[in-house]
Amino acid sequence: MIFLKLFIVFSKIGLFNFGGGYAMLSLIHNEVVEKNQWLTSAEFTDIVAISQSTPGPIGINCATYTGYTAVMNEGYPQWMAFLGAVLASLSVLWLPFLLMLTISKLLLKYSKNNVVSSIFSVLRPAIIGLIAAAAILLMSADNFGSPSDSTFQFIVSLLIFIFAFVGTRLYRIHPILMIILAGIAGLLIY
Amino acid sequence: MNTDLLSMFLTFAKIGAFTLGGGYAMVPIMEREIVDRKSWLTREEFMDILIVAQSTPGLFAINMASHIGNKARGVVGGIVGSLGVALPSIVTILVIAMFFRAFKDNVYIEKVFMGIRPAVVALIAAPCFSMARTAKLTLTNLWIPVVACLLITLFGVSPIWIILVAGVAGFLWGKIK
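1. Focus: the overall build of chain B
In terms of regular secondary structure, chain B is built from eight helices and zero strands. Ordered by position in the sequence, the α and β elements of chain B form the string α-α-α-α-α-α-α-α. Its C-alpha atoms give chain B a radius of gyration of 20 Å, clearly above 16 Å, the size a compact globule of 177 residues would have. In terms of overall dimensions, chain B has a C-alpha envelope of 60 × 55 × 25 Å along the principal axes. For chain B, with 177 residues in total, the buried portion stands at 44%.

2. A few points about the overall build of chain A
When helices and strands are tallied, chain A shows nine helices and zero strands. Starting at the N terminus and ending at the C terminus, chain A contains elements arranged as α-α-α-α-α-α-α-α-α. Reported as C-alpha extents along the three principal axes, the dimensions of chain A are approximately 55 × 45 × 30 Å. Out of the 190 residues in chain A, the part that is buried amounts to 54%.

3. Considerations on the environment of Asp 149 of chain A
Along the chain, Asp 149 of chain A falls in the loop between α7 (141–144) and α8 (151–169). Accessibility expressed as a C-beta count within 10 Å gives 9 for Asp 149 of chain A, which makes it exposed.

4. Focus: unusual backbone geometry
One non-glycine residue with positive phi stands out, namely Gln 37 of chain A, at about 50°. We classify Gln 37 of chain A as exposed; it has 10 C-beta atoms within 10 Å. Not every positive phi belongs to a glycine, and Ser 39 of chain B is a case in point at roughly 55°. Judged by local crowding, Ser 39 of chain B falls into the exposed class, with 11 C-beta atoms found within 10 Å.

5. Side note on helix α5 (residues 107–125) of chain B
All names here are of chain B. A rise of 1.5 Å per residue sets the reference length of α5, with its 19 residues, at 27 Å; its end C-alpha atoms lie 28 Å apart and thus fit the reference within 8%. Of all bends in α5, the biggest is about 25°, found at Ile 116, and the proline Pro 118 comes one to four residues later. With 14 of its 19 residues buried, α5 lies for the most part within the structure.

6. Digging into the packing of helix α9 (residues 175–189) of chain A against α5 of chain B
Between two packed helices, both the angle of their axes relative to each other and the distance between the axes serve to describe the pair. Look at α9 of chain A against α5 of chain B: their axes get within 7 Å of each other, and the N-to-C directions meet at 140°. The angle between α9 of chain A and α5 of chain B places the two elements in the oblique class. Two packed elements cross with a definite hand, and for α9 of chain A against α5 of chain B that hand is right-handed. Each of Pro 175, Met 178, Ile 179, Ala 182, Gly 183, Ala 185, Gly 186, Leu 187 and Ile 189 of chain A in α9 of chain A lies in contact with α5 of chain B, whose residues at this interface are Tyr 108, Lys 111, Val 112, Phe 113, Met 114, Gly 115, Ile 116, Ala 119, Val 120 and Leu 123 of chain B. Along the lines of polarity and charge, the residues of the contact of α9 of chain A with α5 of chain B split into 15 nonpolar, three polar and one charged.

7. Focus on the interface of chain A and chain B
Each partner contributes residues to the interface: chain A has 93 residues there, and chain B has 82 residues. The leading source of residues in the side of chain A that touches chain B is helix α6 (residues 114–137) of chain A, at 21 residues.

8. Quick notes on the domain arrangement of chain B
Per the domain assignment, the segments of chain B are domain 1 (5–103) and domain 2 (138–177). Computed over C-alpha atoms only, the centres of domain 1 of chain B and domain 2 of chain B are separated by 30 Å.

9. Some words on the nonpolar core
Residues Ala 126, Leu 130, Ile 131 and Ala 134 of chain A together with Ala 119 and Ile 124 of chain B are the most contacted members of the largest nonpolar core, which totals 107 residues. Of all the elements, helix α4 (residues 60–103) of chain B adds the most residues to this core, at 16 residues. Counting the residues that make up this core, at least three belong to each of domain 1 (5–103) and domain 2 (138–177) of chain B. Not counting the four nearest positions on each side in its chain, Ala 134 of chain A is found in contact with Tyr 22, Leu 25, Ser 26 and His 29 of chain A together with Ile 124 of chain B.

10. What about the packing of helix α3 (residues 41–52) of chain A against helix α4 (residues 58–73) of chain A?
Residue and element names in this part refer to chain A. At a minimum axis distance of 9 Å, the contact between α3 and α4 shows a crossing angle of 130°. It follows from the interaxial angle that α3 and α4 lie oblique. α3 and α4 meet at a crossing whose hand is right-handed. Residues Ile 47, Val 48, Ile 50 and Ser 51 of α3 lie in contact with α4, whose contacting residues are Ile 58, Asn 61, Cys 62 and Tyr 65. Its residues assigned to classes, the contact of α3 with α4 comprises six nonpolar, two polar and no charged.

Each value, and the rule that gives it
Residues numbered from 1 in each chain as written. Chains lettered and ligands numbered in written order. Predicted model: local features only at pLDDT ≥ 70, side-chain atom pairs only at ≥ 80, totals over all residues. Helix = DSSP H or I, 4+ residues; strand = E, 2+ residues; numbered from the N terminus. Rg over C-alpha atoms; globule rule 2.2 N^0.38 Å. Buried ≥ 20, exposed ≤ 12 C-beta atoms within 10 Å, placed from the backbone. Expected span 1.5 Å × (residues − 1). Bend = angle between axes of the 7 residues up to and from the residue. Axes fitted to C-alpha atoms, helices over the stretch in contact; angles between N-to-C directions. Parallel < 35°, antiparallel > 145°, perpendicular 65-115°, else oblique. Left-handed = near helix turned anticlockwise from the far one by under 90°. Contact = placed C-beta atoms within 7 Å. Nonpolar A, V, L, I, M, F, W, Y, C, P; charged D, E, K, R; others polar. Domains from an automatic or database assignment. Core = buried A, V, L, I, M, F, W, Y, C linked by C-beta atoms within 7 Å.

Okay, here's the thing in structure tokens:
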């Protein structure tokens, strides 16, 4: 049952999302692309691009899009896909919401506490690993073209990657502007 | 505190609608709306909530909204605030999903996205380096992100396990230190 599956998977994604946004991507990729194959790797990257240029947190954007697409792919009518999208979006929210209500009081009281701060001293570095993993997993033929079959696309992709990386790191170009520039480059070059 | 629920819903919907890319881009907008304009929280209360929202699971924006709503108007306020933040993005992506599926196979759209995809991967890779400072990454704990990354990419370990193990390890480390 696709609806139950969406609910379980996105509840899980919501619950285990520490460190927000990008840290969530490797988790979403793992569940949505690898385990359940609701989206291809290229589709996943497309949504991240769309998320950067539309309002709202990436987690909700991914949930809405995946909910819609997964239900459509199962051959259900469009109104069912709408339900799937809303269900997946709310699934990401409800557990953290309950947790936030209950934990926040405790954490406010104990945030200077040694146990809490030592937990986070290991959690924070681990989250960087999670983000790096998301980036590495997305360096696929789906997103870059393959070096043997589509050499031209592969080389162009590498150049765009380097340009975008240096642009955001050193020159602090806004991500949305970066995406627009890359899109224009794609349109002109290919 | 007399806070109209509709006004709360609209304020958070506005915050949700004008935050592109999500996350921390939201903080200055929230601060202006909630502390300066609506006075639902003092600046100190806002800072405290910011820290809690960073360190609890879930979406940062939703954590902020649920806590601020809760503080100003109880649990109902928390629900109203969270739905307010989420609504604009759900509607936008639904519209995009409908059209994107229809236009996806268009030659020009495909060309645009062939250019965009590698750039997005770069955008994801870039914050690893800026976050290294926030996480106080040094030579002694550099192995933690490296091992986490290798486990996920080479062995297909679910990130959930990484988070659980890192949390438990941090707890034990605090005990023996």
